[in-house]
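# Coordinates in review
Each chain, letter by letter, is given below.
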Amino acid sequence: MLAGCAAIAGGTGLSLATGGRSDVGLADLSGLFRGAEATLAEQTMRDIRVPRTLSAVLLGANLGMAGLLLQAVTRNNLASPGLLGINQGAALGIVLGVAAPGFAAVPLPLLATFCALAAAALTFAISGAFSGRIDAMRLILGGIAVGALGFAAVRLGYTLEDDVSRQIVRWTVGDVAGVRMDAVGRLALVAVAGGGAAFALAHRLNLMALGQAASHGLGADPRRTLAAGTAVAAILTGVSVSVAGPIAFAGLVVPHLAKSLAVPDYRRLMPLAALLGAGLLAWADALSKLWPGMAEIPVGVVVALIGAPWLLAAVLSGKGAGNAR
Amino acid sequence: MRADPLPYHRFGSRRTSCTLILLSLVLTAAVLFGLTSGAVPIPASVLWNTLLGFDGPRQDFILLNLRLPRTLLAALTGASLAVSGAVIQSLLRNPLASPKIAGINSGAAFAVLSCTLILPAHASGLAPYAAAAGGLAAGGLVWIMASRGQVDAARLTLIGVATGFALDAAVEFLLVTQTGPEFSAPMIWLTGSLWGRGWTHLAGVAPVLSVLILLAFLLSFRLDLQYLGPARAAALGARNRLERGAAFLVAVLLAAISVSVVGVIGFVGLMAPHIAMRLVGGRHWPLLPAAALTGAIFCAGADAAGRAIAPPAEISAGIVTALLGAPFFIWLLISENRSQRGTG
């Protein structure tokens, strides 16, 4: 828990202190409440840096909790929003909202969340989860199929508009560069509500960890746990994706870190995953601005560049993601 | 699921031959469809006049120089990807497996993008070699990392997925940091498209791919043994390391070379073997040819459909295969769920 707090503090400080303007520093935080009288540097801090850093922190917390929830309800260490097709479903929702005139009236976060839920439901239907017995291999297979379908549709949506493809690539890898305060409010709302719901589910998740039969015997229907946990995870993911694009790997790496740091009690793991996710994303955001000699790279790429080799190392050492079945 | 040893034994050889002939006919139809569809609609009469040398209105240039090589290339790479997928699936005894799972696509993509970044002037000429080398390197790396001790199928799959993710992250990094004007070409290639492919591309890869496909066919009897699992295969006299290594090398080369000319066309290597297995069963001798035909139909049809849907705009073949392949795959999984529940 302490490690998580320290990670957040360090990452947040660094993320706030770095950026396109070198004359803006932590001292300008004092201008946060100065309203119209703030200097230019203080305005930069207030209107650009702070929302960006806050959104990174909140995204990390949301995705970390979503990943932990999914790994708990599926009892599968490889489950994560990216691997179950939930990220891609949410991305498809965004593309629908932008490209299809019929959906123009629906708010994007709502559309993204709905599509994320639909993708999760489809993945679980394929894996046989609604019959009460989840096959791990089928779950991954289904997730990959649903994800590929969602992403092919996303690409199709942009095939005909060549000019925007560069921005789309930036968006589809996860970017917080343009996030403003209203989005931060949305993320915070979902983080609080989703975090509360996840914490309330923690007891059921602990029972679930004993096995589906034992969980049933102790009075918790595993199917309801699955549905509730996935719904919360899909909402957390959907709103996050609507703000910053699908950030891969945060939902996979963070739960593993949390489980390696704490006892397997979801009442502790859930807040820890939120803290670690927030710390990871804050550091990734800081690093994305510090990259030497070139323009900023999206935070999602930094997370992927950290997460993918980590996954490889974990698989090679036979730990972590090893027990997919 | 495929992990059970040789699951479909129930079909006789007559049904198998009929199926192969039928698949060939469907492939012919797909190729003809590929020739007629596109920005310039060509009616059947003109098609026959041009192809068979009849008198009358002809479309020599479009048909013979643009669409014919392109469609043939689609069919050939589709067959290669499908055979590659079938071999990898049976080596790993894993229905999830495909060339993509072994990290081949990502390795090729990374190599091609690095190439456009480092040597932009020579990028178009070097790209095929870079893709083949990158795919081979990634596949080889996965094999080496997995093969400390015995090559364990589950371990190989996980290492392949993880390697693919790592390379994908590197590809994303290159894509977002690249600022040159050559941005759209790698994008089209990454989605898998036959746009602008012609006789030179076909001539470049056709001999190698044909030989590799034949090699895979020759290996099919050894693959039957290997499908029983390394331990049982060894007990029946197979030289595991040599046979599995050779089969894996053939599969990686097939996929890497295909990707080098047409880009990342997903789902063919995953889907075609599944369809072929449902049609002719699990023994590799009819399975590999059936998979090759299915893959060829899939790719040629996807390319043709991509041109036919909204001419003159083109939808990349890779998008079409994913849009068709993913739902089919989902249906396949659900229907297998049901049949499993039925039999208890």
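All of these numbers come straight from a predicted model, not from anything done at the bench.

Conventions adopted
Residues numbered from 1 in each chain as written. Chains lettered and ligands numbered in written order. Predicted model: local features only at pLDDT ≥ 70, side-chain atom pairs only at ≥ 80, totals over all residues. Heavy atoms only, no water. Helix = DSSP H or I, 4+ residues; strand = E, 2+ residues; numbered from the N terminus. Buried < 20%, exposed > 50% of the residue type's maximum accessible area, 1.4 Å probe, protein only. Contact = heavy atoms within 4.5 Å. Areas by Shrake-Rupley, 256 points an atom, 1.4 Å probe, with all protein chains shown as cover. Phe/Tyr/Trp six-rings, centres within 6.5 Å; stacked < 30°, edge-to-face > 60°. Polar contact = N/O pair within 3.5 Å; in protein donor to acceptor, adjacent residues only side chain to side chain. Axes fitted to C-alpha atoms, helices over the stretch in contact; angles between N-to-C directions. Parallel < 35°, antiparallel > 145°, perpendicular 65-115°, else oblique. Left-handed = near helix turned anticlockwise from the far one by under 90°. Nonpolar A, V, L, I, M, F, W, Y, C, P; charged D, E, K, R; others polar. Patch = residues over 30% accessible without salt bridge, like charges linked within 9 Å, V, L, I, M, F, W, Y side chains within 5 Å. Salt bridge = Lys/Arg side-chain N within 4 Å of Asp/Glu carboxyl O. Core = buried A, V, L, I, M, F, W, Y, C linked by side-chain atoms within 4.5 Å. Expected span 1.5 Å × (residues − 1). pLDDT = per-residue confidence, 0-100.

### Thoughts on the overall build of chain A
The helix and strand tally for chain A stands at twelve helices and zero strands. Start at the N end of chain A and walk to the C end: the helices and strands fall as α-α-α-α-α-α-α-α-α-α-α-α. Buried residues in chain A amount to 56% of all 325 residues. Put simply, of all contacts in chain A between residues at least 6 apart along the chain, 72% involve residues at least 24 apart.

### Brief notes about the overall build of chain B
For chain B, the count of helices and strands is 14 helices and zero strands. Along chain B, helices and strands appear, N-terminal first, in the series α-α-α-α-α-α-α-α-α-α-α-α-α-α. For chain B, long-range pairs separated by at least 24 residues make up 76% of all intrachain contacts whose partners lie at least 6 apart in sequence. Of the roughly 13,800 Å² that chain B leaves accessible, carbon and sulfur atoms contribute 70%.

### Section: the environment of G277 of chain A
Residue and element names in this part refer to chain A. Along the chain, G277 falls in helix α11 (residues 266–290). Judged by relative accessible area, G277 falls into the buried class, the value being 0%. Between the C-alpha atoms of G277 and G238, which are 39 residues apart in sequence, the distance is 16 Å. When sequence neighbours within four positions are dropped, the list of residues in contact with G277 reads G60, A61 and V254.

### Some points on the packing of aromatic side chains
Scanning the model with the defined rule gives three aromatic pairs over all chains in all. A centroid spacing of 5.2 Å and a plane angle of 85° characterise the contact between F249 of chain A and F165 of chain B, whose relative ring orientation is edge-to-face. Of this pair, F249 of chain A sits in the loop between α9 (222–244) and α10 (250–261) while F165 of chain B sits in helix α6 (residues 153–177), each in a different chain. Relative to F248 of chain B, the ring of W143 of chain B has its centre 4.5 Å away and its plane inclined at 25°; by these criteria the two rings are stacked. Of the two residues, W143 of chain B is situated in helix α5 (residues 123–146) and F248 of chain B in helix α11 (residues 240–262); the sequence distance between them amounts to 105 residues. Each member of the pair W143 of chain B and F248 of chain B is classed as buried.

### Concerning the side chain of D265 of chain A
Residue and element names in this part refer to chain A. Counting through the fold element by element, D265 comes out in the loop between α10 and α11. One polar contact links D265 to N206, side chain to side chain, over a distance of 2.9 Å. Of the polar contacts made by the side chain of D265, one reaches the backbone nitrogen of R267; its length is 2.9 Å.

### Concerning unusual backbone geometry
Backbone phi values are negative for most residues with the exception of glycine, while trans is the configuration of most peptide bonds. All names here are of chain B. Its identity as a non-glycine residue notwithstanding, F267 has a phi of 75°, on the positive side. Its place among the elements puts F267 in the loop between α11 and α12 (268–280). Given the relative accessible area of 12%, F267 is considered buried.

### Details of the packing of helix α2 (residues 44–52) of chain B against helix α3 (residues 60–92) of chain B
All names here are of chain B. Remark: α2 packs on α3, axes separated minimally by 9 Å, with the N-to-C direction vectors making an angle of 70°. Put simply, α2 runs roughly perpendicular to α3. In this structure, α2 crosses over α3, and the sense of that crossing is right-handed. Where α2 approaches α3, its residues L47, T50 and L51 are matched on the opposing element by D60, L63 and L64. Residues of the contact of α2 with α3, tallied by class, amount to four nonpolar, one polar and one charged.

### A word on a nonpolar patch on the surface
Residues and elements named next belong to chain B. A cluster of nonpolar residues, L117, I118, L119, L126 and Y129, forms a patch on the protein surface that exposes about 520 Å² of accessible area. Among the secondary structure elements, those contributing two or more residues to the nonpolar patch are α4 (104–118) and α5. Along the chain, the position of Y129 falls in helix α5.

### Quick word on the nonpolar core
Counting residues in hydrophobic clusters, the biggest one holds 181 residues, and the most contacted among them are L69 and I247 of chain A together with V87, W189 and F329 of chain B. Every residue in contact with V87 of chain B, bar those within four places of it in the chain, is listed here: A216, L223, A247, A251 and L288 of chain B. Membership of the second largest hydrophobic core comes to seven residues, among which are L35, L47, I62 and L63 of chain B.

### So, α9 of chain A
Think of an α-helix as 3.6 residues a turn; residues three or four steps apart then line up on the same face. Residues and elements named next belong to chain A. Compared with the 33 Å implied by 1.5 Å per residue over 23 residues, the 32 Å span of α9 between its first and last C-alpha is a close match. In terms of residue burial, α9 counts as a mostly covered element, since 17 of its 23 residues are buried. Trailing α9 by a residue or two, G245 shows a phi angle of about 80°, which is positive.

### Remarks on the confidence of the model for chain B
Residues and elements named next belong to chain B. Residues at a pLDDT of 70 or more form 88% of chain B, whose mean pLDDT is 81. Mean pLDDT in chain B bottoms out at helix α7 (residues 184–191), which sits at 71, and peaks at helix α13 (residues 284–308), which reaches 91. In this model, residues 1–9 is a region of pLDDT below 50 whose contacts with residues beyond four sequence positions or in other chains number 30 contacts. This prediction of the complex comes with two scores: 0.79 for pTM and 0.74 for ipTM.

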